[in-house]
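# Residue-level structure breakdown
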Amino acid sequence: MALKEQSIVVAGGGSTFTPGIIMMLLENLDKFPIRQIKFYDNDYDRQKQIADATEIILKERAPQIKFVATTDPEEAFTDIDFVMAHIRVGKYAMREKDEKIPLKYGVVGQETCGPGGIAYGMRSIGGVLELVDYMEKYSPDAWMLNYSNPAAIVAEATRKLRPNSKIINICDMPVGIEARMAEILGLESRKDMTIRYYGLNHFGWWTDIRDKDGNDLMPKIKEHVAEHGYVTPGELNGRPEEEIEPSWMHTFGKAKEVYALDPKVLPNTYLKYYFYPQDEVEHSNPEHTRANEVMENREKKVFSECNRIANIKTAKDAKLVTDDHASYIVDLARAIAYNTRERMLLIVPNNGSIVNFDPTAMVEIPCIVGSQGPEPLTMGEIPRFQKGLMEQQVGVEKLVVEAWAEGSYQKLWQALTLSRIVPNARIAKQILDDLIEANKEYWPELV
Ligand code: NAD
Ligand code: G6P
Ligand code: MN
């Protein structure tokens, strides 16, 4: 039977990840046929640069797909099956402030962790809720696959404030690390492994990894991680599968120290910010953070390549490549569109899956995904150390959403103080006051 052709809107059409996602969609048209792609962004000029190149790519490689780029929500969200959302409210200019303001006080400055993540969350909530509302107004049967960050806070906001909406929050970090594990094991694909994992987004652990015959793969991965973190054998030998920036290599190496604290499980890389915050601060340059790196590298590369394609009016020699890990987005869309019942890690309400944890927490756990959405698997009881960490962190995330919804200064101050990364309430307040000043345009008024 022929698969039904899908209509998609990419929200955040101007994202640096959009071309990679388009290339990935084009590579998967046999599995996920598409009749229409729309781009939606609230920055016309930024989106236009990506859209002009995309138009040429589609004309050359898949002329049957109808393509529209717009800043008009009605046009964008009408006649849609899937919203693929990756917006960055405030763009890199604000990411730079999220990273640099905490660093002024000797505190980790990071996109999704600690004060930077909280600040970004306070901007993202309104932006993502707006997308959900457009989707429900113009295509009430559609699903939103959201990877706009900070996914943990965004997920809690949609759970609390749009409880009936069809939105699934996802992250590429676990699949990225699993690809590294597969390389460590010499497997062809991460899909040769069946995993158990639980935690919050950017805050979790693998507890079991098996091959298709049920053999335990954890010991071999652990042996490698204990020595090299998630740096792959290829990278150790100077023959990497792909060139990774030094800051990410540092993160993959640091997983060795993160693992050492809790060696029964394998950690998500983001735990480094919570276990070794001082190391991260020492390693940071407060004048030049990850936002600067991304602006100088990925953003520059993607936009200049798109502009080049638009100028020469052909994408025959385009240097835009598929973002490997982005194929999980097609797996998820396929699962819903064609009821594939694929097993995937998603951010969903706990609802008893982790038995000894808040049922209303948004947790990242394996789910079976079909046309009705995700069915989470039971993860059982978790140990005190991880539970303690998760309770503190979920408290931060819930306080941020409450602060946003109620316009509460006090709750946001509490959220910052509760974050493991912030040393005390006084520093929390100083950072908060600077963040309020910087985010005037984006945050609700706090009283
Ligand atoms: P980017 O700044 O290049 O792109 C974001 C786009 O969103 C911009 O074009 C901007 O104009 C647009 N935008 C901002 N606010 C909007 C709004 N209210 N409505 C419509 N459009 C809006 O950012 P990027 O680095 O490409 O990242 C995009 C997003 O994807 C970020 O949230 C990032 O954190 C996230 N991301 C998530 C994962 C994951 O694992 N979940 C992985 C990679 C990136
Ligand atoms: C990983 C995370 C994303 C995050 C990204 C940051 O992929 O899962 O949530 O946005 O890293 O990468 P960047 O290259 O923008 O620093
Ligand atoms: Mn992520």
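Position numbers for residues start from 1 in each chain and track the written sequence from start to end. Lettering for chains starts from A, numbering for ligands starts from 1, and both go in the order in which the items are written. Only residues with pLDDT of 70 or above have their local features reported here, since the model is predicted, and side-chain atom pairs are shown and tallied only from 80 upward, although totals for entire chains, interfaces and linings are computed over all residues. Here the side-chain values reflect all heavy atoms present in the structure, with hydrogen atoms and water set aside.

Defined as follows: UniProt positions are given in the numbering used here, feature names are shortened, and annotations may be inferred rather than shown by experiment.
As named in an unreviewed UniProt entry, the protein chain is Maltose-6-phosphate glucosidase, taken from Desemzia incerta. For the record of the protein chain, the UniProt heading Sequence similarities (unreviewed entry) holds the text "Belongs to the glycosyl hydrolase 4 family."

## Digging into the sheet that holds strand 9 (residues 266-267)
What counts, and what does not: We treat two strands as partners when DSSP finds at least two bridges between them. Working definition: helices are DSSP H or I runs of at least four residues, strands are E runs of at least two. Numbering for both runs from the N terminus.
The 3 strands lie next to each other as 7-8-9, forming an open sheet whose pairing is antiparallel. Among the strands making up the open sheet, the edge pair consists of strand 7 (194-200) and strand 9. Two elements, strand 8 (residues 203-210) and strand 9, share 2 bridges in a ladder whose sense is antiparallel. The residue bridging W206 from the neighbouring strand is L266, located in strand 9.

## A few points about the nonpolar core
We apply this condition: Nonpolar cores are built from buried Ala, Val, Leu, Ile, Met, Phe, Trp, Tyr and Cys residues. Side-chain atoms within 4.5 Å join them into one set. Note on exposure labels: buried denotes an accessible area under 20% of the residue type's maximum, exposed denotes more than 50%, and partly exposed covers the range between, all computed with a 1.4 Å probe on protein chains only. Residues are treated as being in contact if the distance between any of their heavy atoms lies within 4.5 Å.
If you look at the biggest cluster of nonpolar residues, it comprises 126 residues, and the most contacted ones within it are L25, F32, I209, L266, I329, M390 and L412. Discounting residues that sit within four places of it in the chain, I329 has contacts with I21, M24, M84, L145, Y147 and I170. Listed in part, the 18 residues of the second largest apolar core include A11, F77, V83 and L131.

## What about empty space enclosed by the protein?
Condition: Only protein atoms enter the 1 Å grid used here. Points where a 1.4 Å probe fits but cannot escape make up a cavity, open sets with protein on both sides within 12 Å along at least five of seven lines make up a pocket, and a residue lines them when an atom lies within 4 Å of a point. Grid points are joined across faces, edges and corners, and a volume is the space filled by probe spheres set on the points. Think of it as three bins: nonpolar holds Ala, Val, Leu, Ile, Met, Phe, Trp, Tyr, Cys and Pro, charged holds Asp, Glu, Lys and Arg, and polar takes everything else, Gly as well.
Under the counting rule described, the total for this entry stands at 1 cavity of 30 Å³ or more. Considering only enclosed or pocket space, the largest cavity measures out at about 130 Å³ in volume. Lining the largest cavity we find 17 residues, and of these T112, C113, Y274, Q393 and E397 sit closest to its centre. Only helix 5 (114-138), helix 6 (151-161) and helix 15 (384-406) provide two or more residues apiece to the lining of the largest cavity. By residue class, the composition of the lining of the largest cavity is 9 nonpolar, 7 polar and 1 charged.

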